[in-house]
Structure formats: C-alpha cells, structure tokens
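Structural overview
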Amino acid sequence: AQSVSQHNHHVILSEAASLELGCNYSYGGTVNLFWYVQYPGQHLQLLLKYFSGDPLVKGIKGFEAEFIKSKFSFNLRKPSVQWSDTAEYFCAVSLSGTYKYIFGTGTRLKVLA
Amino acid sequence: DTGVSQNPRHKITKRGQNVTFRCDPISEHNRLYWYRQTLGQGPEFLTYFQNEAQLEKSRLLSDRFSAERPKGSFSTLEIQRTEQGDSAMYLCASTNSFGELFFGEGSRLTVL
C-alpha cells in the first residue's frame, strides 16, 4: 500500500537555526507532492507543491523543498526559522491519475525565541 | 471569507447516537474530500466526491459511515451508532483546478 513517512515527529530549534524535515513516500509511479502546515488553532494550509519541472520548489514564508526521485523523498527546508514557524508540518502525496491524497503523520516543530 | 466551511465545529455525543457533519466547499471546486485526524496522526483519507459522484471510499470506513453530496455542492458525513473510537477531528477539503487541497477548520467529535 502507498504510504508517506515523516521520520521526525518532534523538532525543537532555536530561532535562526536551519530546518530540514524529511518526507519519503512509497510509490513507483508519477506523484504530485505537497507540504501543508497547521499553525496552532488554525486549519491546514498549503505551504508548497511539486507537480513537475524543477525539482527544487519554493513556497511561502521562505520554505523550499527538493524532490529527489531516486530517493523517493521530498524534504522541506528553511535556512533560518522564526518563532512564528512553530506549527505542525505534513507531507502529502497525490498519486497521478487518482486524485487521492495521502498524508504523513506530521512533524511538530517548536521554535524557541 | 469564501473558504471551506464546516459545522458543527464541535459535537459531543453519547455512544450509540447518530451524528451528521456538514461541509460547504469553495464554490468553484468540484472535488470534495473527507478526512479523519486523530491526535498525533496525519489526516486519514475517508472518501471523496467529484461533483455529486462518490468516486472512492476508504476500506477503513465501516458501514456506519456514509457521505453524500447531493447536487454537487455541500456534503454531509453521517456516523451511525457512534463508538468511542470514532472520536476524532473530521476534516473536509476541496480542490481547485491545480489539484491543491483547501481545508476547512474541521468538526471535532467526542463520543462519551
């Protein structure tokens, strides 16, 4: 069965530290990839997406992600985190041609001021 | 705000009762999704609609769960004979033409 793995469940960083959150998926076909963020008390919001083309995609608030097909990975990065980045981050995969979105278990990020 | 709207936001019920949640998607979105989320987990796919047609339903969804989307606009998710294990946040989302999911605030169900 298709799955999405996020190995970091909880991450604590100080402001200005660099961030990398891992995401791996198990599916050999064509995929669309997403990162969603859920700030405390808010609904899930799209951070960035990859459909095709340049494997390095840039999203909102200085986030970027790199699709590495050979590693089935789509890791999220930010060079310098801020206290306001404290949130839960979810990686999701859409299987091409199915319109079904599968989410990882999420990574809870806490940024210390 | 013309985002995805869900109600009620919170529902507390006794085991064995039926509950119904409503979702109003963004008006021009033709696909609508229901997910369930429990503490420490990511959204778990339940079912989705394209217009009024229910195209896929998770095998995890027991026959106590039913969803409808009459006329291809709002959708309802009904849970019959609720069990304590049904306690969760039920999320609704709709997609735009770029395949981006837009989520509602969710409906939190607590079964006593």
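That block above? That's the structure.
Residues numbered from 1 in each chain as written. Chains lettered and ligands numbered in written order. Predicted model: local features only at pLDDT ≥ 70, side-chain atom pairs only at ≥ 80, totals over all residues. Heavy atoms only, no water.

Further remarks concern the nonpolar core. Among the nonpolar cores identified, the biggest contains 30 residues, and Leu33, Trp35, Leu48, Phe74, Leu76 and Tyr89 of chain A are the most heavily contacted of them. Mapped onto this core, the elements with two or more residues apiece are strand S2 (10–14), strand S3 (19–21), strand S5 (31–38), strand S6 (45–50), strand S8 (64–68), strand S9 (73–78), strand S10 (87–95) and strand S12 (107–112) of chain A. The element contributing the most residues to this core is S10 of chain A, with five residues. Ignoring anything within four residues of it in the chain, the contact list for Tyr89 of chain A reads Gln6, Leu21, Trp35, Tyr36, Val37, Leu47, Phe63, Leu76, Gly106, Thr107 and Leu109 of chain A. In terms of nonpolar packing, the next biggest core, distinct from the first, is built from 19 residues, Leu32, Ala67, Leu109 and Val111 of chain B among them. (Core = buried A, V, L, I, M, F, W, Y, C linked by side-chain atoms within 4.5 Å. Buried < 20%, exposed > 50% of the residue type's maximum accessible area, 1.4 Å probe, protein only. Helix = DSSP H or I, 4+ residues; strand = E, 2+ residues; numbered from the N terminus. Contact = heavy atoms within 4.5 Å.)

With that out of the way, let us pick up the pattern of salt bridges. Using the criterion set out here, one finds twelve salt bridges over all chains in the structure. For Arg64 of chain B, the salt bridge is made with Glu83 of chain B, and the minimal N-O distance between the two is 3.4 Å. Here Glu83 of chain B lies in the loop between strand S8 (75–79) and strand S9 (88–95) and Arg64 of chain B lies in the loop between strand S6 (53–57) and strand S7 (65–68), a separation of 19 residues in the sequence. Taking the relative accessible area as the measure of exposure, Arg64 of chain B reaches 9% and is therefore buried. Among the charged side chains, a network of salt bridges with common partners joins Lys58, Glu64, Glu66 and Arg77 of chain A. (Salt bridge = Lys/Arg side-chain N within 4 Å of Asp/Glu carboxyl O.)

A few words now on the layout of surface pockets. Volume-wise, the largest pocket comes out at about 590 Å³. If you list the elements that add at least two residues to the lining of the largest pocket, you get S10 and S12 of chain A together with S9 and strand S11 (107–111) of chain B. Partitioned by chemical class, the residues of the lining of the largest pocket number ten nonpolar, 14 polar and five charged. Volume-wise, the second largest pocket comes out at about 480 Å³. Considering the residues around the second largest pocket, the lining is formed by 21 residues, among which Lys100 and Ile102 of chain A together with Glu44, Phe45 and Leu60 of chain B are closest to the centre. Elements with a minimum of two residues in the lining of the second largest pocket: strand S11 (101–103) of chain A together with strand S4 (31–37), strand S5 (44–50) and S6 of chain B. In terms of residue class, the lining of the second largest pocket is made up of seven nonpolar, eight polar and six charged. (1 Å grid on protein atoms, 1.4 Å probe; cavity = no way out; pocket = protein on both sides within 12 Å on 5 of 7 lines; lining within 4 Å. Points joined across faces, edges and corners; volume = space filled by probe spheres on them. Nonpolar A, V, L, I, M, F, W, Y, C, P; charged D, E, K, R; others polar.)

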